[in-house]
There are 4 protein chains.
Amino acid sequence: MNNRQNLLLSCSDNEKGIKVKDNFAGLALAKGFNIVDENPDFIVSIGGDGTMLRSIRDFKHFKVPYIGINAGSLGFLPTFKSDKKALEQLLELVKNADYSVLMRPLLDVEMTHVDGEISYDFAFNEVFTKYANNKMLESDIFIDAKHFNYYTGDGFVVSTPLGATGYAIWSGAAVLKPSTPCYQLTPINPNNSSIHNPLLYSMIIPENQVLQFDIKNNQGNLISVSCDGNSYMEKDIASIKIGISRERIAIVESRDYDYWGIFKSKILGK
Amino acid sequence: MNNRQNLLLSCSDNEKGIKVKDNFAGLALAKGFNIVDENPDFIVSIGGDGTMLRSIRDFKHFKVPYIGINAGSLGFLPTFKSDKKALEQLLELVKNADYSVLMRPLLDVEMTHVDGEISYDFAFNEVFTKYANNKMLESDIFIDAKHFNYYTGDGFVVSTPLGATGYAIWSGAAVLKPSTPCYQLTPINPNNSSIHNPLLYSMIIPENQVLQFDIKNNQGNLISVSCDGNSYMEKDIASIKIGISRERIAIVESRDYDYWGIFKSKILGK
Amino acid sequence: MNNRQNLLLSCSDNEKGIKVKDNFAGLALAKGFNIVDENPDFIVSIGGDGTMLRSIRDFKHFKVPYIGINAGSLGFLPTFKSDKKALEQLLELVKNADYSVLMRPLLDVEMTHVDGEISYDFAFNEVFTKYANNKMLESDIFIDAKHFNYYTGDGFVVSTPLGATGYAIWSGAAVLKPSTPCYQLTPINPNNSSIHNPLLYSMIIPENQVLQFDIKNNQGNLISVSCDGNSYMEKDIASIKIGISRERIAIVESRDYDYWGIFKSKILGK
Amino acid sequence: MNNRQNLLLSCSDNEKGIKVKDNFAGLALAKGFNIVDENPDFIVSIGGDGTMLRSIRDFKHFKVPYIGINAGSLGFLPTFKSDKKALEQLLELVKNADYSVLMRPLLDVEMTHVDGEISYDFAFNEVFTKYANNKMLESDIFIDAKHFNYYTGDGFVVSTPLGATGYAIWSGAAVLKPSTPCYQLTPINPNNSSIHNPLLYSMIIPENQVLQFDIKNNQGNLISVSCDGNSYMEKDIASIKIGISRERIAIVESRDYDYWGIFKSKILGK
């Protein structure tokens, strides 16, 4: 029958992830789903936040919704549980299309090198940038090409609303309902000396504005950039542009999805 | 003539405010405006932020736009300058309707006392609440009537986007573009001991959600509530509800109004 | 016999405190101690931190060592446990003088009113000062009579090393080994606007230096002062002087007393 | 004559530093001092903090006092001014031994690699440690070989009292009178999730206690260590031990040296 739905399964490397994946695959096949490598209707990510972020990175080109099953220790992003009963309920929801699809923003990241070459990346949770060598980062910050601040400090985090509870809040970010049409710039340990006036506060930026960071003293300094934990060091980066992408990521959530409840239990509710 | 526009002038108590008011009144009359006490087309607030907030408090029932002239020392809210040339330009803008009117949200504040009596207030910038006696405030926080956190600490600030740069950022609030459809809850010095897990982060709340604070140990404890600097102590408050009002405040700004620029010069740009 | 030791018992108001007190009294009498109201050799404080602080306040004039039994929920200061076995062990330690006596500093607080009248208080943990009416406190800070800072913000906490883990750390204080010969000044939510440069950092002050706070706009403003939770509001305070007292408080601790271990379990180790 | 004093001059690379050095050398020779490369009686460091720290690094083996002349833009450590009159006054002070010599502590840093090899470094201001690749650092912290905390976050700064106003205060350190017999551990952006309880507060450690950091997941991860701005990346570091050295650094200061005054003007007094 042609209305069998295709699930592409992606899981964490560890034992727990692989075991949940096998259980889920068995239950899914029994319920009439196909397990596929191509042409998926859904990407099923099994693990913690890292697995979810890697799944988005690996399978974004399929442009299909993601289902996150939590088989990690903390796991803020994957909201479905991994015990047998929960997996069966999840499969029922999918079969009956009895779920919400929440469209989540992505950050577009454009890095211009000193020689004019441009490289691109993106982030579902957050981008952060520092010098790799522990020196203070100095950067002019522009909002929509207008000069805003001469920043000095460890670096900065730019996060989506959903990504605020990752690295960003340890640096002082506010927590946002993921549906808020904006993103956030958080300075990391700004160096507030008597000769500099760096941005000291986290800033909520509307979706239609674009940030640009012109890196000072970039020649010879390794810049460390991390997009959703995908870290690399780049030499000679002159400028980084970050803004909200036109593309969205579709996430399947249960109809009683409650962001503040997840925040409460995962972050506050020790 | 019936198309003469009526200006109601409100100014700070100090010499500077009164002098600017007199200058402005003279220029306005010369340009064909009326200076009135009733039926205004505009409220002109001359002073700093305190004057602007008091003008909103005093003249909100007129439901007309506000024009803020900065005759204070810092003055984040009133954006028009007070020298003669600037005042003339402002009057030209008003005459020609060559300005933007920005609709700013208000917070509705509803305080329920132990005996069931309810009193109301509102805030354009922020509400904050503490115990008056320096004791730790304990409060259950609800979002849309759902329990969210048992808070312990100095108290909390609830601020509009425009009000974030007032008291809220000293407590850890993020800065927001005033057009962002939300408000903010910022805990003040949360008491993060091993037996309590109070909210530690500033939270961006969507406009359609309502916060409620059920105050613990309220009997006999004086609660200090401050709405836009309008402070009073209340005994026996059982519960405080705060949300975005249906009512908006109309603010006249020049067409090149640039919030990030104001934030840069007034807060960062020492 | 004249070598029977006299114990003065002080306990919290609640059921738990009274029960532990009764148990302890029974065991102490059986072991040959006297329970007294006058001429004590030791003050035994049974409860949490509040009880301990009140015991010090009530019985400081006896100039004898304190023994803290934890019958509260958190209890950072009283370090002896309250089960039967622990109480018996404690009585053995006291009988055999098998303990350490740690001399802890006190803060002297001297408040000068506008009319020149002076009142005094002291604190074992911390003093904090704010305006009672939620307005920003403005104060000149002097160190050893030399002007140091024009402070604007919620107020300030001055804490002993042992008192840093009370209110002070929620405001940004550092944690100190209680034997460090110093005390600490921590600003509470400093108002860091473009026209003020208040102290933004917690400061470790040597024991021989004296702080003085000259309160601005004091006339008509109620100042709220809290010494170890003993809160009161004062009108027309012109100046507050705080420094380390010559007097020390003797605290009995077991020989394996480990401050970092207590800090770990009571504050970090949720 | 054998009572001519030997000055070894060390200056910053830039034009300003070189010019002040030339001026100072001319004045010193005229006043009967020798300018030397070996057997100095004093090291004269001309520049900002970086120059001072490099001078200490380069000439510590001479075991002679340092004189810091400020020819930098901020310069917290070098306290003598660089105009002609100030340089002449300084030379008079030195000639007449009319100065204070302040003995400042050093931090000893001992890094043990996975293969058991040990390398050493030291710091006058601060040591800080992070992963080089932007990942969260995980480390067991020990105080005097006793387990204290499982830390997760960006990393940590360990600073001397004089070094607290460098990198440490941007991470939340307290400011200390440099004579306080202690050093400080400040966590950098601790990752306070629901599954970890990292140290969240800056800690003042007595001089006689030793810190040890056992780095988790060290294999393959580059650790970035910075001692007084001397940064390097190390692979496979298993453990870092930090404590106060037996060695002190002697710094020449004028008799009216006022640390709080310097702190006020260099850090607070924009």
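The rules behind the values
- Along each chain, residues carry numbers from 1 onward, in the same order as the chain's sequence is written.
- Each chain gets a letter, beginning with A, and each ligand a number, beginning with 1, in the order they are written.
- Local features in a predicted model are, by the rule used here, given only for residues with pLDDT of at least 70; side-chain atom pairs are given and counted only at 80 or more, and totals for whole chains, interfaces and linings are based on all residues.
- Where side-chain values are given, they derive from all heavy atoms of the structure, hydrogens and water being excluded.
- For helices the rule is a DSSP run of H or I covering at least 4 residues; for strands it is a run of E covering at least 2, with both sets numbered from the N terminus onward.
- Between buried and exposed lies partly exposed: a residue is buried under 20% and exposed over 50% of the maximum accessible area for its type, with that area taken using a 1.4 Å probe on protein chains only.
- Surface accessibility follows the Shrake-Rupley procedure with a 1.4 Å probe radius. Residue values consider only the protein chains on display as shielding.
- Charge convention: Lys and Arg are scored as positive, Asp and Glu as negative, and His as well as the terminal groups of each chain are ignored.
- To locate a charge, take NZ of a lysine, CZ of an arginine, CG of an aspartate or CD of a glutamate.
- To define axes, lines are fitted to C-alpha atoms, for helices over the stretch in contact only, and angles between the resulting N-to-C directions are given on a 0 to 180 degree scale.
- Put simply, angles under 35 degrees are roughly parallel, angles over 145 are roughly antiparallel, angles from 65 to 115 are roughly perpendicular, and the rest are oblique.
- Left-handed is the label given to a crossing in which the near helix is rotated counterclockwise from the far helix by less than a right angle, and right-handed is the label when the rotation is clockwise.
- Every residue pair with non-hydrogen atoms within 4.5 Å of one another is taken to be in contact.
- Ten residues, namely Ala, Val, Leu, Ile, Met, Phe, Trp, Tyr, Cys and Pro, are considered nonpolar, four, namely Asp, Glu, Lys and Arg, are considered charged, and the remaining ones, Gly among them, are considered polar.
- The term buried area means the drop in 1.4 Å probe accessible area that two parts suffer when joined, counted for both and summed.
- Here, a salt bridge means any Lys or Arg side-chain nitrogen found within 4 Å of an Asp or Glu carboxyl oxygen.
- Here a strand pair is declared whenever DSSP counts at least two bridges between the two strands.
- Fitting of the copies onto one another was done by least squares over C-alpha atoms, counting residues only where both copies have pLDDT of at least 70.
- Side-chain atoms alone can form a polar contact between residues adjacent in sequence; in general such a contact is a pair of N or O atoms within 3.5 Å, and within protein one must be able to donate a hydrogen while the other accepts it.
- Method remark: on a 1 Å grid restricted to protein atoms, a set of points is classed as a cavity if a 1.4 Å probe fits but cannot get out and as a pocket if it is open with protein on both sides within 12 Å along at least five of seven lines; lining residues have an atom within 4 Å of a point.
- Grid points are joined across faces, edges and corners, and a volume is the space filled by probe spheres set on the points.
- Here the arc refers to the directions that run from the helix axis out to each C-beta atom.
- Criterion for a disulfide: a pair of cysteine sulfur atoms within 2.5 Å.

1. Notes on the overall build of chain A
For chain A, the helix and strand inventory stands at 5 helices and 16 strands. A principal-axis box enclosing the C-alpha atoms of chain A has dimensions of 65 × 40 × 35 Å. Classification of the 270 residues of chain A by burial places 60% in the buried group. When the accessible surface of chain A is split by element, carbon and sulfur atoms take 47% of a total near 10500 Å². The distance from the centre of the 27 positive side-chain charges to the centre of the 31 negative ones in chain A is 6 Å.

2. Looking at the packing of helix 1 (residues 15–30) of chain A against helix 3 (residues 84–95) of chain A
Two packed helices can be described by the angle between their axes and the distance between those axes. Residues and elements named next belong to chain A. With their axes 10 Å apart at the nearest point, helix 1 and helix 3 run at an angle of 45 degrees to one another. As the angle between them shows, helix 1 and helix 3 are arranged oblique. The element helix 1 and its partner helix 3 pack so that their crossing is right-handed. Each of Val20, Asn23, Phe24, Leu27 and Ala28 in helix 1 lies in contact with helix 3, whose residues at this interface are Lys84, Leu87, Glu88, Leu90 and Leu91. Of the residues that constitute the contact of helix 1 with helix 3, the class distribution is 7 nonpolar, 1 polar and 2 charged.

3. Overview of the interface of chain A and chain B
Interface size is commonly expressed as the accessible area that is lost once the parts come together. The interface is formed by 32 residues belonging to chain A together with 32 residues belonging to chain B. Across the chain A to chain B interface the summed buried area is about 2600 Å²; carbon plus sulfur atoms make up 64%. Among the residues of chain A in contact with chain B, Tyr201, Trp260 and Leu268 of chain A are the three that bury the most area, contributing 26% of the side total. The tally of links from chain A across to chain B stands at 2 salt bridges. A salt bridge links Lys146 of chain B to Asp258 of chain A; the nearest nitrogen and oxygen atoms lie 3.0 Å apart.

4. Details of the pairing of strand 14 (residues 222–227) of chain D
Residue and element names in this part refer to chain D. Of all 6 residues that make up strand 14, 5 are buried, and the element is covered over most of its length. Pairing of strand 7 (residues 126–131) with strand 14, which is carried by 5 bridges, proceeds in the antiparallel orientation. Pairing of Thr129 across the sheet is with Val225, part of strand 14. Summarising the sheet, strand 14 and strand 15 (residues 230–235) pair through 6 bridges and their orientation is antiparallel. Its bridge partner being in strand 15, Ser226 is matched across the sheet by Ser231.

5. Digging into the relation of the copies chain A and chain B
Between the two copies of this chain, the relationship is a rotation about some axis together with a displacement along it. Rotating chain A by 180 degrees and translating it 0.0 Å along the rotation axis places it on chain B, where the RMSD comes to 0.0 Å. Put plainly, the chains are arranged around a two-fold axis. Across chain A, the rotation axis passes nearest the C-alpha of Ala174 of chain A, at a separation of 3.0 Å. Comparing interface residues between copies, 100% of those in chain A also lie at the interface in chain B; the contact surface is shared.

6. Side note on the side chain of Ser10 of chain C
All names here are of chain C. Here Ser10 shows up in strand 1 (residues 6–11). Reaching out from Ser10, the side chain makes a polar contact with the side chain of Ser55 at a distance of 2.9 Å. Contact partners of Ser10, with chain neighbours within four places excluded, come to Val44, Ser45, Ile46, Thr51, Ser55 and Phe59.

7. Remarks on the pattern of salt bridges
For the structure shown, the criterion picks out 36 salt bridges over all chains. Counted as one network, the salt bridges with shared partners bring together Lys60, Lys63 and Glu247 of chain A.

8. Here's the deal with empty space enclosed by the protein
Tallying each qualifying case throughout the model produces 12 cavities of 30 Å³ or more. If you add up the space inside the second largest cavity, you get close to 150 Å³. Where the lining of the second largest cavity is concerned, the elements lending two or more residues are strand 7 (126–131) of chain A together with strand 7 of chain D. Broken down by class, the residue content of the lining of the second largest cavity amounts to 5 nonpolar, 5 polar and 6 charged.

9. Regarding helix 5 (residues 259–268) of chain A
Within helix 5 of chain A the residues assigned to the buried category are Tyr259, Trp260, Ile262, Phe263, Ile267 and Leu268 of chain A. Buried positions in helix 5 of chain A, seen along its axis, are confined to an arc of 160 degrees and lie on one side of it. In this fold, the buried residues of helix 5 of chain A make contact with helix 4 (167–170) and strand 10 (175–176) of chain A together with strand 8 (137–143), strand 9 (146–159) and strand 12 (203–206) of chain B. Among the residues of helix 5 of chain A, the N-terminal cap falls to Asp258 of chain A, whose side-chain oxygen and the backbone nitrogen of Trp260 of chain A are separated by 3.4 Å.

10. Some points on the environment of Phe122 of chain C
Residues and elements named next belong to chain C. In this fold, Phe122 is placed in strand 6 (residues 118–123). Between the alpha carbons of Phe122 and Asn217 there is a distance of 25 Å; along the sequence they are 95 residues apart. Among all residues touching Phe122, those that are not within four sequence positions of it are Ile56, Arg57, Lys60, Leu106, Leu107, Asp108, Val109 and Cys227.

11. Let's talk about the state of the cysteines
Linking two cysteines covalently via their sulfur atoms produces the bond known as a disulfide. Applying the stated criterion to the full structure yields 0 disulfides over all chains. Looking at Cys227 of chain C, it has no disulfide partner, and the nearest cysteine sulfur is the one in Cys182 of chain C, 19 Å off. Its sulfur unpaired, Cys182 of chain D is 6.5 Å from the next cysteine sulfur, which belongs to Cys182 of chain C. By relative accessible area, which is 0% here, Cys182 of chain D ends up buried.

12. Here's the deal with the pairing of strand 9 (residues 146–159) of chain D
Residues and elements named next belong to chain D. Among the 14 residues in strand 9, 11 count as buried, and that is most of the element. Here 5 bridges tie strand 7 to strand 9, and the two strands are oriented antiparallel to one another. Its bridge partner lying in strand 9, Lys130 is registered against Gly155. With 7 bridges joining them, strand 8 (residues 137–143) and strand 9 adopt antiparallel strand pairing. Opposite Asp140, over in strand 9, you have Tyr150 as the bridge partner. In textbook terms, the turn of a hairpin is the stretch between consecutive antiparallel strands, and for strand 8 and strand 9 this stretch comprises 2 residues, one of which, Asp144, has a positive phi near 45 degrees. Where strand 9 and strand 11 (residues 182–190) come together, 6 bridges link them in antiparallel fashion.

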